[in-house]
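One-letter residues, chain by chain:
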Amino acid sequence: IILNIENKMNYRRYIEYQTYVPAILLQTFLAGVMAGVFTWLIYLGLDRYVIGMIMCTDGNTACGSAQITSLVLALLVAHFLGLIMLVRAIVMRPLLVVLVSIATLWGFHAWLDGMTWWMGSLYLGLLFGIAYVFYAWVNRLLYFPVALVLTIVAVLGARVLLMSW
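On a predicted model such as this, the values are computed, not experimentally measured, just so you know. Counting restarts for each chain, with residues numbered from 1 along the sequence as it is written. For this predicted model, a pLDDT threshold of at least 70 governs which residues receive local features, and a threshold of 80 or more governs which side-chain atom pairs are given and counted, while totals over whole chains, interfaces and linings are taken from all residues. The basis for the side-chain values is all heavy atoms of the structure; hydrogens and waters are excluded.

Re the nonpolar core
Definition of nonpolar core: a set of buried residues of the types Ala, Val, Leu, Ile, Met, Phe, Trp, Tyr and Cys, connected through side-chain atoms within 4.5 Å. The cut-offs for exposure are 20% and 50% of the maximum accessible area for each residue type, with area from a 1.4 Å probe on protein chains only; residues under the lower value are buried, those over the upper are exposed, and the others partly exposed. Ranked by size, the top nonpolar core spans 33 residues in total, and within it V91, F108, F128, Y132 and Y135 carry the most contacts. Every helix listed is a DSSP run of H or I at least four residues long, and every strand listed is a run of E at least two residues long, numbered separately from the N terminus. If you list the elements that add at least two residues to this core, you get helix 1 (22-55), helix 2 (66-88), helix 3 (94-104), helix 4 (108-112), helix 5 (117-138) and helix 6 (144-163). Every residue in contact with F128, bar those within four places of it in the chain, is listed here: G32, G36, L75, H79, S101, I102, L105 and F108. In this analysis, two residues are considered to be in contact whenever any of their non-hydrogen atoms come within 4.5 Å of each other.

Points about the packing of aromatic side chains
Paired rings are identified among Phe, Tyr and Trp, the last through its six-membered ring, by centres lying within 6.5 Å, and are further divided according to the angle between planes into stacked (under 30 degrees), edge-to-face (over 60) and tilted (the rest). Here the structure, examined in full by the defined rule, presents five aromatic pairs. Ring plane angle 40° and centroid distance 5.4 Å describe the contact between W40 and Y43, whose orientation is recorded as tilted. Here the residue W40 and the residue Y43 both occupy positions in helix 1, the gap between them amounting to three residues, near one helical turn. A residue is classified by how much of its surface remains accessible, and W40, at 2% relative accessible area, is buried. Classification of Y43 as buried rests on a relative accessible area of 2%. An angle of 85° between the planes, with centres 6.5 Å apart, marks the rings of F128 and Y132 as edge-to-face. On the criterion of helical spacing, the pair formed by F128 and Y132 is a turn pair, its members being four residues apart in helix 5. Each of the two residues, F128 as well as Y132, counts as buried. Through a chain of ring-to-ring contacts, three or more aromatic side chains come together here, namely W40, Y43, F108, F128 and Y132.

Here's what the structure looks like:
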């Protein structure tokens, strides 16, 4: 067996990453805060005044799904706006950042239920701002398969941590 040194795999390309200036991280954080605040406000408005009133009429068995329907619609609208802000901030893989942030914080309506509207907005804005920045930072790697594996590990770790509280 002849070993050819020139054909050895170059492992360095797997850990190369895009550098971010603080302004991009700040824009990413603000996009997450905006998406989180809008998500909570849209969710409350839809649940209390639109979908909740439509689905929770007398004798309607679909009332139990009013919260999840309101949640999904609020997530779609607010995080689409967050996605646009991430694209404008030149974040790598913005759709992946948005999707894994939602997957990580799924079930937030149960955590924040019973809080005042402004307190829920504040907490959810901070949570999504931190999640956006964290996953944007993880996804700086230029080699997509490595970034995807690290992202999945981070999501699973965050879900385990959040479920233990």
